[in-house]
Amino acid sequence: MLSIFRTNQLFVSALLLLFIAILRAYPFFFPIEWEAPKHGLLAAHIYQFTGQNSFVAYLSASILLFFQAVIVNMMARIHRLDREVTMIPGLIYITLCSILPEFLIFSPVLIANTFLLLAILELLQTYKKTACSDRIFNVGFWLAIASFCYVPYLGFTLGMMIGFRILRPFRLGERIAFFSGVIIPYFLLGVSFYLMDDLHHFWEVQFAGVGVISFFPLALSFSSVLKILLFVLFIALTVLSYRVYTAKKNIDVQKKIDIFYWVLLSSLLIFAFHQAFYLEQLLALGIPLGIFLSLNLTAIANRWAETWYFLAILSILLIQYYPYLV
């Protein structure tokens, strides 16, 4: 089955849409009652048009996930993250972002992932470039836009800064360009709200919910703990698979794989900067884990890879529809 993800892109795109339809059909038949956690201004503006629990919101989430998967595939292909070019990274990303029922909604974290992907794309394009202040600025800019969906995504500035240091000498002028990209959208938007005499609304909406989470005690159900442990298992697998990811690859690819480890670390840190914990926050792990787990899958013999993936799909569907099967 997975071998078909090595075929032409048009056919693969159709298959990705099919997998999204299968894995994310649940809320269209059984709407999920859900209220978005505190989110930024852009997400609040989007919800004015789509709502949070509407058909339009569920459809928007599916369409957005498809375009994100296309970007993941493009990133893996352009930068040769695997030894062979496949569409499997996008497939795994879709699967991860649909693995829990809490992921099926149109969450601000899912929206923010779009802009995080664009920031990572710009970051990777700076490798071996002597003059790329525009791209460095764009990395900061896309992070700022992501934070207008979900403010803790500003925490990814750590991963981006270390990523620059891995790829190139990160000079003072380039650091200024990067932070300018982050600050200027906030400055311009803040000035706009100030001129409308509504600055308090900017602060109230944009930074609502921001704070240091109280980890103990966290009111988590047993099922929530199991879901978190699943992602802990994924993280442990990626950490232990570093040699698998970098074996027989040139130094360029190894550096780029190192960047995704820093993105993974940054995605863990952002949990600490929201006052409450929500399972949909785990979507922040989707991009680095999607890349890494696809490398694990392609490293396995095809027969076993297909078996494991088929079992994963069945497990996801069972988790989603179990309350209606008993």
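Now for a look at the structure at hand. Model, not experiment: these values are computed from the prediction.

**Focus on the side chain of Asn 296**
Logical step 1: Locating Asn 296 in the fold gives a position in helix H14 (residues 286-299).
Logical step 2: Here Ser 241 takes part through its side chain, which lies 3.0 Å from a polar atom of the side chain of Asn 296.
Logical step 3: Among all residues touching Asn 296, those that are not within four sequence positions of it are Leu 237, Ser 241 and Tyr 245.

**Focus on helix H4 (residues 55-78)**
Logical step 1: When the terminal C-alpha atoms of H4 are compared, their 35 Å separation across 24 residues agrees well with the 34 Å that a helix rising 1.5 Å per residue should span.
Logical step 2: Immediately downstream of H4, the backbone of Arg 80 shows phi near 50 degrees, a positive value.

**Some details on the pattern of salt bridges**
Logical step 1: One pass over the structure, following the stated rule, counts 4 salt bridges.
Logical step 2: Among the ionic pairs, Glu 122 bridges to Arg 135, the shortest N-O distance being 2.9 Å. Pair noted here: Glu 122 is in helix H6 (residues 108-124) and Arg 135 is in helix H7 (residues 133-147), with a separation of 13 residues, a long-range link.
Logical step 3: Its relative accessible area of 15% is what places Glu 122 among the buried residues.
Logical step 4: A salt bridge links Glu 174 to Arg 171; the shortest N-O distance between them is 4.0 Å.
Logical step 5: By relative accessible area, which is 49% here, Arg 171 ends up partly exposed.
Logical step 6: Each of Arg 168, Arg 171 and Glu 174 takes part in one network of salt bridges that share partners.

**Describing unusual backbone geometry**
Logical step 1: Backbone geometry places Asp 197, a non-glycine residue, at a positive phi of 55 degrees.
Logical step 2: Mapped onto the elements, Asp 197 comes out in the loop between helix H9 (172-195) and helix H10 (199-206).
Logical step 3: A relative accessible area of 67% means that Asp 197 is categorised as exposed.
Logical step 4: One non-glycine residue, Lys 248, adopts positive backbone phi at about 55 degrees.

**Quick look at the nonpolar core**
Logical step 1: Judged by nonpolar contacts, the single largest core of 104 residues is most densely connected at Ile 120, Tyr 153, Phe 178, Phe 231, Phe 260 and Leu 282.
Logical step 2: At 12 residues, the largest contribution of residues to this core is made by H6.
Logical step 3: Setting aside residues no more than four positions away along its own chain, Phe 178 makes contact with Ile 136, Val 139, Gly 140, Leu 143, Thr 157, Met 160, Met 161, Phe 164 and Phe 170.

**As for the side chain of Ser 241**
Logical step 1: Note on placement: Ser 241 falls in the loop between helix H11 (222-240) and helix H12 (242-246).
Logical step 2: With residues up to four places along the chain from it excluded, the contact list for Ser 241 reads Tyr 261 and Asn 296.

**A word on a nonpolar patch on the surface**
Logical step 1: Judged by side-chain polarity, Phe 179, Ile 183, Ile 184, Phe 187, Leu 188, Val 191, Tyr 194, Leu 195, Leu 199 and Trp 203 come together as a nonpolar surface patch covering roughly 1,000 Å² of accessible area.
Logical step 2: Elements represented by at least two residues in the nonpolar patch include exactly H9 and H10.
Logical step 3: It is H9 that contributes the most residues to the nonpolar patch, 8 residues altogether.
Logical step 4: Within the secondary structure, Tyr 194 sits in helix H9.

Criteria and cut-off values
- Residues numbered from 1 in each chain as written.
- Predicted model: local features only at pLDDT ≥ 70, side-chain atom pairs only at ≥ 80, totals over all residues.
- Heavy atoms only, no water.
- Helix = DSSP H or I, 4+ residues; strand = E, 2+ residues; numbered from the N terminus.
- Polar contact = N/O pair within 3.5 Å; in protein donor to acceptor, adjacent residues only side chain to side chain.
- Contact = heavy atoms within 4.5 Å.
- Expected span 1.5 Å × (residues − 1).
- Salt bridge = Lys/Arg side-chain N within 4 Å of Asp/Glu carboxyl O.
- Buried < 20%, exposed > 50% of the residue type's maximum accessible area, 1.4 Å probe, protein only.
- Core = buried A, V, L, I, M, F, W, Y, C linked by side-chain atoms within 4.5 Å.
- Patch = residues over 30% accessible without salt bridge, like charges linked within 9 Å, V, L, I, M, F, W, Y side chains within 5 Å.
- Areas by Shrake-Rupley, 256 points an atom, 1.4 Å probe, with all protein chains shown as cover.

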